[in-house]
Amino acid sequence: MSATLDIAPYVAGALGASGVGVALSRRRELIARWVTWAAAAPIVGGSLYFGAPGATVLAIGLGVIAAFEYARMMRLRHTDAFTLGAVATAAPIVAWVHPTAFNGPAPLLLLPLLAAVPSLTGGDTADGARRTAYVALATPWLVGLAGLVLLGTDALPLCIAVSVADVAAWCGGKTLGRRGPFARKLSPLSPAKTWGGVVGSMLGATAVLALCGCLRPSLLAAVVVGSVVGDLFESMLKRGAGVKDAGSWLPGFGGLLDRIDSLLVAVMIATVLR
């Protein structure tokens, strides 16, 4: 709780300063994104202020919304969406009441079987394999949000660092990624992503984690790798589904999944390395 209060002034100051710059830019997309950040900050910070119970509620909320957006994007059935939603609900609760359940690989071995349940019970011979594959792919992705509960006081700095790393990656791409070695593309999945963006992401994450007093190689690696892999992973899914965004309700981002794609991977890595 105290860690959240200690960080709050920095977050408020950063939002205020960036708000002035965004307003002066008069760019609608940037303004929309700033509004989303400003609305999300007290929700995330307020939830994590209450420790494990608050982190559990936050993880469930993010996971359930992301589950249904993912199911819609990948053209899965309602039973698949509810299965993913149930997993996204159960994982944080288990992490809260029985944290050691995530210490071994045993629970993860059951995930592929769980992913097949909707198709098996429905007798879907035509599309069951595809549905099962996509549910199995998303299940550990969503289970990773339980890390918000398991990471304790590191959860809020990680969330802030991921958000700042995304912005810093954009700035790094615009400056360092124009020419030279840092202009090399990361992947055809997202041509705008360059190594200059990775450098910017690393610098932004380092600054935030140092300011929060939790700069460690494991957290820094989680943020940087999560920022890169999470974004590319969702880009791959969206291109395969033929959609631009996972949703359309979140100003400046599209859907919630478009906003937390990096966080999902970063939390997963940070939890494994903790």
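As a starting point, this report considers the structure included with it. Everything quoted here is computed from the prediction, not taken from an experiment.

Our focus in this paragraph is the overall build of the chain. The helix and strand inventory of the chain stands at twelve helices and zero strands. Helices and strands appear in the chain in the N-to-C order α-α-α-α-α-α-α-α-α-α-α-α. For the chain, the C-alpha radius of gyration of 19 Å lies close to 19 Å, the compact-globule estimate for 274 residues. Principal axes of the C-alpha set define a box for the chain whose edges measure 55 × 40 × 30 Å. Counting only residues that meet the buried cut, the chain has 44% of its 274 residues in that class. Taking all contacts inside the chain whose residues are at least 6 apart in sequence as the whole, residues at least 24 apart take part in 69%. Taken as a whole, the chain presents about 13,600 Å² of accessible surface, with 70% of it coming from carbon and sulfur.

Assignment of secondary structure puts S262 in helix α12 (residues 256-273). Judged by relative accessible area, which is 2%, S262 ranks as buried. Dropping the residues within four chain positions of it, S262 is found in contact with V162, D166, G226, S227, G230 and D231.

Nonpolar side chains in soluble globular proteins tend to be buried together. Residues Y70 and L148 are the most contacted members of the largest nonpolar core, which totals 62 residues. Listing elements by their share of this core, those giving two or more residues are α3 (51-73), α4 (78-97), α7 (128-143), α8 (147-150), α9 (155-175), α10 (195-211), α11 (217-241) and α12. Setting aside anything within four residues of it in sequence, one finds Y70 in contact with L76, L84, Y134, L137, A138, W141, L237 and L257.

Its location among the elements puts L30 in helix α2 (residues 28-49). In sequence terms L30 and F253 are 223 residues apart; their C-alpha atoms lie 10.0 Å from each other.

What counts and how
- Residues take numbers from 1 onward in each chain, read along the sequence in its written order.
- The predicted origin of the model limits local features to residues at a pLDDT of at least 70 and limits the giving and counting of side-chain atom pairs to 80 or more, whereas totals for whole chains, interfaces and linings rest on all residues.
- Side-chain measures here rest on the full set of heavy atoms in the structure, leaving out hydrogens and waters.
- In DSSP terms, a helix is any run of H or I states spanning at least four residues, a strand is any run of E spanning at least two, and both are numbered starting from the N terminus.
- Each radius of gyration reported is based on C-alpha atoms, and the globular scaling rule is 2.2 Å times the count of residues to the power 0.38.
- Throughout this description, buried means an accessible area under 20% of the type-specific maximum (1.4 Å probe, protein chains only), exposed means over 50%, and partly exposed covers the range between.
- What makes two residues a contact is simply this: any of their non-hydrogen atoms within 4.5 Å.
- Surface accessibility in these figures is a Shrake-Rupley result with a 1.4 Å probe; residues are shielded only by whichever protein chains are displayed.
- We call a set of buried Ala, Val, Leu, Ile, Met, Phe, Trp, Tyr and Cys residues a nonpolar core when their side-chain atoms join them within 4.5 Å.

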